[in-house]
Amino acid sequence: MKRAKLHGVGVALACLTLTCAAGAAPASGNPQADAGMLGFAARGAAQESSLEQRFDSLLSAADMRAWLKRLSSGPNQVGSPHDKANAEWMLAQFKQWGWDAHIETFDVLYPTPKQELVELVAPTKFKAALHEPPVKGDRTSDLSGVLPPYNVYGADGNVTGELVYVNYGMPDDYKELARLGVSVKGKIVIVRYGGGWRGLKPELAHEHGAIGCLIYSDPRDDGYFHSDPYPQGPARPPEGVQRGSVAKMQLYPGDPTTPGYASTPDAKHVPVAEAKSVLKIPVLPISYADATPLLEAIGGPVAPESWRGALPFTYHVGAGPAKVHMVVKSDWNRQPVYDVIATLKGTSDAGQWVVRGNHHDGWVFGAFDPLAGTIAELGEAKAMGQLYREGWRPRRTIVYASWDGEEPGLLGSTEWAEAHAKELRQKAVLYLNSDTNGRGILFAGGSHTYQHLVNQVAAGVTDPETGASVQKRQRAFLDVRANGKGSSPTMKESAKLAGATGDIPIAPLGSGSDYSAFLQHLGIATLDLGFSGEADQGGVYHSRYDSFDHYIRFGDPTFGYGVALAKVAGHIVLRTADAKVLPMRFGDFSSTIDRYIRALHKQADEARKQTQAEHKLLDAGAYRLAADPDHPVAPPERLSDVPKIDFAPLDAAAKRLKQSAQAYEKAYEARAARGLDIPSPQLARVNELLGTMEQHLLDAQGLPGRPWYKNLIQAPGELTGYAPKTIPAVHEALDAREWNRADQYAAVTAKVLDGYRAQLDKLTALLKG
Ligand SMILES: [Zn+2]
């Protein structure tokens, strides 16, 4: 799994990735002086550079190709023999490379399909195949043991109902449906993939009264509209199906029956019927070959223009006369997940950990998702093992993890993080994640205190296609997108900021990969990395056709970007592990907070303006006059006025934070100018405080209604799924038009920022002292 936007298609994908970065751009007007390699004195920096050169020379594209072929040679879903064999094989590799490694197992709720049926019962009859046939030239596509098309954590059910087409099935689509006078109550909805997180589609359908949900892949979104279908081209073939989780991960990820604690043998389990992250209606993913007869049989109003896909008939909304019978029955068993955990022990700061992870389970073979990331991680581990053999010893302990059970719901990483919560809060200074990987532009998201490190590293790694640095390519991409066709104000602003600060801004993180438990539950500083934009994997995402053969044609044929990811991730791990002072900067963080707060002001202003405009239309009777007998427009409900939101505490906290961040940078620069000459007890204290900074962004109560998510700066949106919300408690209160709640959480967030600042001030005093 991965950010939904990464699985959009083609060019739009990279564009979205950096639009996302645009949202995170810091507004620092004065570029911070670059005092050399962050966290190192001059001599240490020179040594580190030559270590990195040696590290790079040990990375091998041929290794990565062979590993990908091996790892993706059988179906890799949770519980499959091949996924387990992969974990055991990786364990043996880590050991052979000199790492201290073991497998940690958790038993988790993992349903698998026993019975699946989708049939059109009226006005004609048709039975969906629910099967992906082998394709020519794809060597694994005829293997058995593959999980059939399935949405894990949907409910069991045997339902019959008229069909309603609801476009992407997102909140705005239901508003449009209401305007068309169509209800989904007691009906089965059919929605297409895209437009928002998968799990939200059946959940919103259920909230609106639907009894079942079918999710299909329209060729408009990742099929022949985009490119030739596989195997001629990369796009989704007619029978290709996107599997995926529909757990309510915006409430909590991990085993649905152990919310907030690890699924260890003695753990108490919530009964499945009471597990809040499991859905209440049956849901199945289908191909457009299976969806075509169903959609074609729908009557009623013609679908609005933006709802129409690329299938060769007129799209109607319904309800009926198409009537569908669907059955889903699952085995609600528990299955073991196998996390591979490998350690290289540190020296003087062995009590601080740099944790690196990527998952190894896939929906089927998973060559792109996740194994293209796994092979980069393995490359790093092999090279580090060799450096260790040659005498290098990291200052801090390095922990490499290969997670299982990410696809169903971040199971392996969440259970591990919950099991080791206390130790991680004490020791983990950074969690570095990757997942899918392809060709193109580096995407980076996460904690802004590490933004400058990412930029320093990206400036030192060469892009395999252009020969420019990875960072230069990011900048060029941003400039071209910002000034070219289809640019947006955010993109322009982002490019401007990248020019002003010299650094490419990193994005905030929502959910959709294994970083959630670290960043959003435990408050460990986090980075998420990957290359994207050019590789064309969207059309085989989570299908049988995400295979080695597809990847070597359309993904990263030379494995140049596997090596590039290993360089970027490896250098970040090495520098964080070896730095004298943890390589963090706070001006980047405080200017990002300024931007997030400005966005809240703007959001409240917009809500006020829109409400006033709506009131004006209502008062003038415009909705009545605009009525068209064919397309009646019901007047919206009269919205309450938007009061003045009390952002003052938040504004003041941000101002204080900025001053403290500047003071820290000044104190750090003064120390750096003297070769970071900090006496050791004091240095240990500095690193200890730096390593736990992110934890001060947590609130013990968590976000309203979802206490598992404790980070008050970044979280997955309650109604967006994967996509991030910044300062989420306030942002979502404004979204919900709950003005008192917005006031309340502006104050709570301000208090959290003040706590963060207090620790930053302690750090500054130590650096000065
Ligand atoms: Zn993945």
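Asks: How would you summarise the packing of helix 13 (residues 451-459) against helix 18 (residues 560-578) if you had to cite specific residues and measurements?
Replies: For any two helices packed against each other, the geometry comes down to the angle between their axes and how far apart the axes lie. It is at 9 Å that the axes of helix 13 and helix 18 come closest, and there the two elements cross at 125°. For the element pair helix 13 / helix 18, the angle class is oblique. Handedness of the helix 13/helix 18 crossing: right-handed. Taking contact as the criterion, the partners of L453, V454, Q456 and V457 in helix 13 are, on helix 18, V568, H571, I572, R575 and T576.

Asks: An account of the nonpolar core is needed here, citing residue identities and associated values.
Replies: Ranked by internal contacts, the top residues of the largest apolar core, which has 209 residues, are I190 and L214. The residues touching L214, leaving out its near neighbours within four places in the chain, are V118, L163, I188, V189, I190, V191, L284, I286, L294, V324 and M326.

Asks: Describe the pattern of salt bridges, listing the residues and the values that go with them.
Replies: Taken as a whole and assessed by the stated rule, the structure comprises 34 salt bridges. Of the charged contacts, one joins D349 and R395 as a salt bridge, the two residues approaching to 2.9 Å between their closest N and O atoms. Placement of D349 in strand 12 (residues 349-359) and of R395 in the loop between helix 9 (367-389) and strand 13 (396-403) is noted, with a sequence separation of 46 residues between them. Between R473 and D463 there is a salt bridge; the shortest N-O distance is 3.3 Å. Separated by 10 residues along the polypeptide, R473 in helix 14 (residues 470-483) and D463 in the loop between helix 13 and helix 14 bring together distant segments of the chain. Look at D463 and you get buried, because its relative accessible area is 1%. Taken together, the shared-partner salt bridges connect R439, D463, E465, R473 and E534 into one network.

Asks: Requested: an account of unusual backbone geometry, with residues and values cited.
Replies: Keep in mind that most residues, glycine aside, have a negative phi and that most peptide bonds are trans. At the junction of A122 and P123, the peptide bond is cis and its omega measures out at 0° in the coordinates. Relative to the helices and strands, P123 resides in the loop between strand 2 (112-122) and strand 3 (126-127). Note the cis peptide between G318 and A319, where omega equals 0°. Tracing the backbone shows A319 in the loop between helix 8 (288-296) and strand 10 (323-331).

Asks: Mind laying out the sheet that holds strand 14 (residues 428-434), listing which residues take part and the relevant values?
Replies: Taken in spatial order, the seven strands line up as 1-11-13-12-14-16-15 in an open sheet, and their pairing is mixed. Two strands in the sheet have a free side with no partner beyond their single neighbour: strand 1 (100-109) and strand 15 (440-446). Across this sheet, the average inter-strand angle for adjacent strands is 20°, counted without regard to direction. In terms of strand pairing, strand 12 meets strand 13 through eight bridges, oriented parallel. By the bridge assignment, N358 is partnered in strand 13 with S402. Where helix 9 meets the sheet, its contacts fall on strand 11 (334-344), strand 12, strand 13 and strand 14, and the angle it forms with strand 12 comes to roughly 150°.

Asks: Which residues make up the environment of H206, and what values go with them?
Replies: You can see H206 is positioned in helix 6 (residues 200-207). With 75 residues separating them in the primary sequence, H206 and I281 have C-alpha atoms 6.6 Å apart. If we skip the residues at most four places from it in the chain, H206 touches K280 and I281.

Asks: Mind laying out the packing of aromatic side chains, listing which residues take part and the relevant values?
Replies: Counted under the stated rule, the structure contains 22 aromatic pairs. An angle of 80° between the planes, with centres 6.1 Å apart, marks the rings of Y165 and W307 as edge-to-face. With Y165 in strand 5 (residues 157-165) and W307 in the loop between helix 8 and strand 10, this pair connects stretches of sequence that are 142 residues apart. Side by side, Y165 and W307 carry an identical accessibility label, which is buried. Measuring from centroid to centroid gives 5.7 Å for Y224 and Y288, while their planes differ by 85°, and the two rings are edge-to-face. Linking Y224 in the loop between helix 7 (219-222) and strand 8 (244-245) with Y288 in helix 8, this pair joins segments that are 64 residues apart in sequence. Relative accessible area serves as the criterion here: at 7%, Y288 is assigned to the buried category.

Asks: Break down the packing of helix 19 (residues 587-619) against helix 23 (residues 728-735) for me, with residues and values.
Replies: Relative orientation of the contacting elements helix 19 and helix 23 amounts to 10°, with a least axis distance of 10 Å. One finds that helix 19 runs roughly parallel with respect to helix 23. Here helix 19 contributes L600, Q603 and A604 to the contact with helix 23, which in turn contributes V730, H731, L734 and D735. Residue composition of the contact of helix 19 with helix 23, by class: four nonpolar, two polar and one charged.

The rules behind these values
- Residues numbered from 1 in each chain as written.
- Predicted model: local features only at pLDDT ≥ 70, side-chain atom pairs only at ≥ 80, totals over all residues.
- Heavy atoms only, no water.
- Axes fitted to C-alpha atoms, helices over the stretch in contact; angles between N-to-C directions.
- Helix = DSSP H or I, 4+ residues; strand = E, 2+ residues; numbered from the N terminus.
- Parallel < 35°, antiparallel > 145°, perpendicular 65-115°, else oblique.
- Left-handed = near helix turned anticlockwise from the far one by under 90°.
- Contact = heavy atoms within 4.5 Å.
- Core = buried A, V, L, I, M, F, W, Y, C linked by side-chain atoms within 4.5 Å.
- Buried < 20%, exposed > 50% of the residue type's maximum accessible area, 1.4 Å probe, protein only.
- Salt bridge = Lys/Arg side-chain N within 4 Å of Asp/Glu carboxyl O.
- Pairing = 2+ DSSP bridges.
- Phe/Tyr/Trp six-rings, centres within 6.5 Å; stacked < 30°, edge-to-face > 60°.
- Nonpolar A, V, L, I, M, F, W, Y, C, P; charged D, E, K, R; others polar.

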